[in-house]
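Commentary on secondary and tertiary structure
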Amino acid sequence: MTVHGVATEEPAAAEAPLVVLDKVNKHYGELHVLRDIDLSVQRGEVIVIIGPSGSGKSTLCRAINRLESIDSGVIAIDGTPLPAEGRQLARLRADVGMVFQNFNLFAHKTVLENVTLGPVTVLGKSKDAAERRGRELLDRVGIGNQADKYPAQLSGGQQQRVAIARSLAMDPKVILFDEPTSALDPEMVNEVLDVMTALARDGMTMLVVTHEMGFARRAADRVVFMADGQIVEENTPDDFFGAPRSERAKSFLAKIL
Ligand code: ADP
Ligand code: MG
């Protein structure tokens, strides 16, 4: 940064983006599903990714978590490029939480076990410490009283809040949400969005794929609009919804609003 025109010595980490994608490309056979994706996510930033079905939003999330490989380009988390595999990948992946449309909870484990398994097996926490923190996090998402139940005994909204608590239990640097409310009955959407809005206010770095435009307006620092594997437009929520620049975004918004 500069003060009165003079460069000051800032620790690089304070200003460097937390997630950087640089010219990321991916194909599924003939299909060019991610095309020269450039994206930087700052610490504490909430980015909402919007776009038509099939535009590559899920593939992008999965690539950032290396659940999918990429063909070219670089994805870096907190300054470290993601390796293709190995122990360093497991460590970096722990920094990136992921919340899926279908919750992906462990069906044969209790709610509390779902939240403590990762911290105990991956982070090496003691069972006691993991349970203490797990109960705190379940309280934070409003389901502290469900700790001993199994996922199937919970509503969809409650299950998704367990998934969010489970992600938080790993102390991730960033959480990716891929359509976290799309599988929910309408009356349960807000209880999940409220938890996400609170996380955003608390400063969590979040990348959220969603069709919930109210959430995007309320919580996003930036809207990224994708179509056909490309980032077509990046904008503030006010300008994206009020004055979109691209024709693709205009016609998409005309259909959904
Ligand atoms: P979105 O999440 O925006 O709906 P996706 O990232 O799921 O889009 O998919 C982008 C495109 O890639 C779609 O055309 C989809 O059919 C295709 N696709 C996704 N996953 C695979 C896969 N594992 N194999 C082949 N094609 C895939
Ligand atoms: Mg998707």
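Residues numbered from 1 in each chain as written. Chains lettered and ligands numbered in written order. Predicted model: local features only at pLDDT ≥ 70, side-chain atom pairs only at ≥ 80, totals over all residues. Heavy atoms only, no water.

Test applied: UniProt positions are given in the numbering used here, feature names are shortened, and annotations may be inferred rather than shown by experiment.
Per an unreviewed UniProt entry, the recorded name for the protein chain is ABC-type polar-amino-acid transporter, and the organism is Streptosporangium album. Listed in UniProt under the heading Catalytic activity (unreviewed entry), the comment for the protein chain reads: "a polar amino acid(out) + ATP + H2O = a polar amino acid(in) + ADP + phosphate + H(+)". The record in UniProt for the protein chain states the following under Subcellular location (unreviewed entry): "Cell membrane".

Topic: the packing of helix H4 (residues 111–121) against helix H6 (residues 156–168)
To be explicit about the condition: To obtain each axis, a line is fitted to C-alpha atoms, and for helices this fit is confined to the stretch in contact; angles are then taken between N-to-C directions over 0 to 180 degrees. Labels follow the DSSP assignment, with helices taken as runs of H or I lasting at least four residues and strands as runs of E lasting at least two, numbered in each case from the N terminus. Reported orientations rely on four angle classes, namely roughly parallel under 35 degrees, roughly antiparallel over 145, roughly perpendicular from 65 to 115, and oblique for the rest. Two helices cross in a left-handed way if the nearer one is turned anticlockwise from the farther one by less than a right angle. They cross in a right-handed way if the turn is clockwise. The contact criterion used is simple: two residues touch if any of their non-hydrogen atoms lie within 4.5 Å.
H6 packs onto H4 with a crossing angle of 25° between their chain directions and a minimal axis gap of 8 Å. Classed by the angle they form, the pair H4 and H6 counts as roughly parallel. Between H4 and H6 the crossing geometry is right-handed. Mapping the contact onto sequence places Val111, Asn114 and Val115 in H4 and Val162, Ala165 and Arg166 in H6.

A look at the layout of surface pockets
Here is the rule we go by: Throughout, the protein atoms alone are placed on a 1 Å grid, and a set of points is a cavity if a 1.4 Å probe fits but cannot get out or a pocket if it is open with protein on both sides within 12 Å along at least five of seven lines; lining residues have an atom within 4 Å of a point. Grid points are joined across faces, edges and corners, and a volume is the space filled by probe spheres set on the points.
Counted as a void, the largest pocket has a volume near 570 Å³. As for the largest pocket, its lining consists of 23 residues, and the residues nearest its centre are Asn65, Val96, Met98, Arg166 and Met170. At the level of secondary structure, the elements contributing two or more residues to the lining of the largest pocket comprise helix H3 (87–94), strand S8 (96–99), H4 and H6. No other element matches H4, which puts 6 residues into the lining of the largest pocket.

A few points about the sheet that holds S8
As a reminder, the rule being used: Here, strands pair whenever DSSP counts at least two bridges between them.
The 6 strands are arranged S8-S9-S10-S5-S11-S12 in an open sheet whose pairing can be described as mixed. Two strands in the sheet have a free side with no partner beyond their single neighbour: S8 and strand S12 (230–235). Between one strand axis and the next, the sheet turns through 20° on average, direction left out of account. In terms of strand pairing, S8 meets strand S9 (residues 174–178) through 4 bridges, oriented parallel. Each bridged residue has a counterpart across the sheet, and for Val96 the counterpart in S9 is Val174. Against the sheet, helix H7 (residues 186–201) engages strand S5 (46–50), S9 and strand S10 (205–209), with an angle of about 145° to S10.

Considerations on the pattern of salt bridges
Between side chains of opposite charge, a pair can form as their charged atoms come close. Test applied: Every case where a carboxyl oxygen of Asp or Glu lies within 4 Å of a side-chain nitrogen of Lys or Arg is listed as a salt bridge. Using a 1.4 Å probe on the protein chains alone, a residue whose accessible area is under 20% of its type maximum counts as buried, one over 50% counts as exposed, and one in between counts as partly exposed.
A full pass over the atoms with the stated rule returns 14 salt bridges. Its salt-bridge partner being Arg43, residue Asp78 comes within 2.8 Å of it at the nearest N-O pair. Note that Asp78 is positioned in the loop between strand S6 (72–77) and strand S7 (80–81) and Arg43 in the loop between strand S4 (31–41) and S5, a separation of 35 residues in sequence. The partly exposed category is assigned to Asp78, whose relative accessible area is 27%. Among the residues examined, Arg43 registers a relative accessible area of 36% and is labelled partly exposed. With a shortest N-O distance of 2.3 Å, Arg222 and Glu234 are connected by a salt bridge. Note that Arg222 is positioned in strand S11 (residues 222–227) and Glu234 in strand S12, a separation of 12 residues in sequence. Judged by relative accessible area, which is 17%, Arg222 ranks as buried. Looking at Glu234, the relative accessible area reads 29%, which means it is partly exposed. Connected through salt bridges with shared partners, the residues Arg43, Asp78, Asp95 and Lys173 form a single ionic network.

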